[in-house]
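Now for the letters of each chain:
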Amino acid sequence: MNKFINFLKEWTLPVAMSTGIVVYFIFYFTPALDEASAVMNKFFDFILPWILFVILFVTFCRADFHRMRPCRWHWCILAMQLLLVILSTTFIIYYNAHGDKLILMECIICCVICPCATAAPVVTSKLDGDLEKMTTFMLLSNFLAAVLIPLVFPLVDKSIDMPFLDAFLALLWKVCSVLVAPMGLAYVVKHFMPRLHRLIISNKDLSFYLWGVLLLVISGATMRNIMNSGTTFAFIVIVALTSLLITFVQFALGRYAGRFFHSVTEMGQAMGQKNTAFAIWVSSAYLNPLSAVGPGFYILWQNMFNSLEIWHHEREKTHSHTS
């Protein structure tokens, strides 16, 4: 039993993803569960934002708000993200991409332009990285995405009618409702409710395991989007492999740049771990709905990468304690 529990602790993310996918296929291939499936879809759509709210609230409770300020590596990662967005947009415009090629490029640009994941501080904390710097970058990254998306999407797809100010305010409101509200509540609890605050932070990995629960639900929803995409299997494979390549490139770029700032863990997470739920939403709302498949695969790849990082980190810690 202890070995099984330790296995779950080390591989929380892939276990959560696998469970979500298996449960989805059980419902998908069992016609008798169609009604239950419809009810569960509505329930999960309702509960997902609240799980995310709790995860961020718990994470922010552990943060030192006095240390949350921009640093040099933040601007480096933002510049790298901006460069990738410019290169992707230029490629689409120059080669006049259309059809499946345009959809594939939209998948890529969604995986690049979307902001840093809300779970990035959670994983960074699990890897003993700097929680405050990661949280600060997450806020900066979301603001940059709110500026870039209304500027870039009309260039990518000429049929998009997206007034900059309206789209910017809509995206900014979504960012504020998701990030600022739990941060404000965490600030109040930390400074005015010390007993509750101590209880929340007493379990170091609480937000990580909550993220595992959220990932279970998201993985099932992602598989639902892929199965309902209405495209060919060959094209799905191409999107999956392209998404894998983009995941590797972004994590690798972040970790490589991190060597120059002595922040390999933080910059790798900042560059590579993306808010794919946000990317799926904006791609479905403003681009070809098929482009949401790219971020769907990205969430699977990035969490496999996170799992390997956590496994390696825990292995190194165990080795250093025993030596």
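One can find the structure itself at the top, above this paragraph.
For every chain, the first residue of the written sequence is number 1, and numbering continues from 1 onward in sequence order. Only residues with pLDDT of 70 or above have their local features reported here, since the model is predicted, and side-chain atom pairs are shown and tallied only from 80 upward, although totals for entire chains, interfaces and linings are computed over all residues. Each side-chain value is derived from all of the structure's non-hydrogen atoms; neither hydrogens nor water enter the calculation.

*Asks:* Which residues make up the overall build of the protein, and what values go with them?
*Replies:* Assigned secondary structure in the protein consists of 14 helices and zero strands. Radius of gyration: C-alpha atoms only; globule rule: 2.2 Å multiplied by the number of residues to the exponent 0.38. Computed over the C-alpha atoms, the radius of gyration of the protein is 20 Å, within 12% of the 20 Å expected from 2.2 N^0.38 for a compact globule of 323 residues. Viewed in the frame of its principal axes, the protein has a C-alpha envelope of about 55 × 55 × 40 Å. A 1.4 Å probe rolled over the protein chains alone gives each residue an accessible area, and that area as a share of the maximum for its type sets the label: buried under 20%, exposed over 50%, partly exposed in between. For the protein, with 323 residues in total, the buried portion stands at 49%. Contacts in the protein between residues far apart in sequence, at least 24 positions, make up 81% of those at least 6 positions apart. All accessibility values rest on the Shrake-Rupley procedure with a 1.4 Å probe; residue burial counts only the protein chains present in the view. Split by element, the accessible area of the protein, about 16200 Å² in all, is 69% carbon and sulfur. Charge separation in the protein, taken as the distance between the mean sites of 22 positive and 18 negative side-chain charges, equals 9 Å. A run of DSSP states H or I qualifies as a helix once it reaches four residues; a run of E qualifies as a strand once it reaches two. Both are numbered from the N-terminal end. Contacts are assigned to residue pairs with any non-hydrogen atoms lying within 4.5 Å of each other. Here Asp and Glu are counted as negative and Lys and Arg as positive; His is not counted, and neither are the chain ends. Just so you know, the charge point we use is NZ for Lys, CZ for Arg, CG for Asp and CD for Glu.

*Asks:* Give a description of the nonpolar core that names residues and reports values.
*Replies:* Counting residues in each nonpolar core, the largest one holds 47 residues, and the members touching the most others are F57, F60, W211, L214, L215, V239 and F297. Sorting elements by how many residues they give to this core places helix α3 (residues 34–61) first, with nine residues. Those residues in contact with F60 that sit more than four places away from it in its chain are F65, T135, M138, L179, P182, M183 and A186. Among buried residues, the Ala, Val, Leu, Ile, Met, Phe, Trp, Tyr and Cys ones that are joined through side-chain atoms within 4.5 Å form a nonpolar core. Residues I77, V112, V152 and M271 belong to the second largest nonpolar core, which totals 42 residues.

*Asks:* Tell me about the packing of helix α4 (residues 72–95) against helix α12 (residues 264–272), and name the residues and values.
*Replies:* The description of two packed helices rests on the angle between their axes and on the distance between the axes. Helix axes use the C-alpha atoms of the stretch in contact, all axes being lines fitted to C-alpha atoms, and the angles between their N-to-C directions lie in the range 0 to 180 degrees. Their axes nearest at 10 Å, the elements α4 and α12 cross at an angle of 30°. With respect to α12, the element α4 is oriented roughly parallel. The element α4 and its partner α12 pack so that their crossing is right-handed. Counting all contacts with α4, which are made through W73, C76, I77, M80, Q81 and L84, the residues of α12 involved are E266, M267, A270 and M271. Any angle that is under 35 degrees is reported as roughly parallel, and any over 145 degrees as roughly antiparallel; angles of 65 to 115 degrees are reported as roughly perpendicular and all others as oblique. Here a crossing is taken to be left-handed if its near helix is turned anticlockwise relative to the far helix by less than a right angle, and right-handed if that turn runs clockwise.

*Asks:* Account for the state of the cysteines, with residues named and values stated.
*Replies:* Pairs of cysteine sulfur atoms within 2.5 Å are identified as disulfides in what follows. In total, this model carries zero disulfides according to the counting rule given. This cysteine, C111, is not joined by any disulfide, and C114 carries the nearest cysteine sulfur, 6.4 Å off. Overall, C111 belongs to the buried group, its relative accessible area being 3%.

*Asks:* So what's going on with the pattern of salt bridges? Which residues, and what values?
*Replies:* A side chain with one charge may pair with a side chain of the opposite charge, provided their charged atoms come close. Put simply, a salt bridge is a Lys or Arg side-chain nitrogen that is within 4 Å of an Asp or Glu carboxyl oxygen. Within this structure, the stated rule accounts for three salt bridges. The closest approach of N and O atoms between D130 and R67, which form a salt bridge, is 2.9 Å. Placement of the pair is D130 in the loop between α6 (120–126) and α7 (131–156) and R67 in the loop between α3 and α4, with a sequence separation of 63 residues. Assessed through its relative accessible area of 15%, D130 is described here as buried. Residue class for R67 comes out partly exposed when judged on its relative accessible area of 37%. Between E132 and R67 there is a salt bridge, and its shortest N-O distance comes to 2.5 Å. Taken together, the residues span a long stretch of sequence, with E132 in helix α7 and R67 in the loop between α3 and α4 at a distance of 65 residues. Several salt bridges converge on common partners, so that one network encompasses R67, D130 and E132.

*Asks:* Explain the packing of aromatic side chains to me, and be specific about the residues and the numbers.
*Replies:* The rule is short: rings of Phe, Tyr and Trp, with Trp giving its six-membered ring, pair when the centres are within 6.5 Å, and they are stacked under 30 degrees, edge-to-face over 60, tilted in between. Taken as a whole, this structure holds 10 aromatic pairs when the rule is applied. Ring plane angle 35° and centroid distance 5.7 Å describe the contact between W73 and F137, whose orientation is recorded as tilted. Here W73, found in helix α4, pairs with F137, found in helix α7; they are 64 residues apart in sequence, far enough to count as distant. Exposure class is identical for W73 and F137. Each is buried. By way of ring pairs, the aromatic residues Y24, F25, Y28 and F29 are connected into one cluster.

*Asks:* Talk me through the side chain of S243; I want residue IDs and the actual numbers.
*Replies:* Locating S243 in the fold gives a position in helix α11 (residues 233–261). What S243 contacts, discounting residues up to four positions off in sequence, is G294, F297, Y298 and W301.

*Asks:* So what's going on with a nonpolar patch on the surface? Residues and values would help.
*Replies:* Patch membership needs two things, relative accessible area over 30% and no salt bridge, and members are linked within 9 Å if like-charged or within 5 Å if nonpolar (Val, Leu, Ile, Met, Phe, Trp, Tyr). A cluster of nonpolar residues, Y187, V188, F192, M193, L196 and L199, forms a patch on the protein surface that exposes about 600 Å² of accessible area. Counting only elements with at least two residues in the nonpolar patch, the list comes to α8 (164–192) and α9 (194–201).

*Asks:* Just give me the short version of the packing of α3 against helix α10 (residues 206–227), but keep the residues and values in it.
*Replies:* Where α3 contacts α10, the two axes come as close as 9 Å, and the packing angle between them is 150°. The angle between α3 and α10 falls in the class roughly antiparallel. The two elements α3 and α10 cross, and the hand of that crossing is left-handed. Contacts from N41, F44, D45, L48, I51, L52, V54, I55, V58 and T59 of α3 reach α10 at L206, S207, L210, W211, L214, V217, I218 and R224. Just so you know the grouping, Ala, Val, Leu, Ile, Met, Phe, Trp, Tyr, Cys and Pro go in nonpolar, Asp, Glu, Lys and Arg go in charged, and all remaining residues, Gly too, go in polar. Of the residues contributing to the contact of α3 with α10, the split by class is 13 nonpolar, three polar and two charged.

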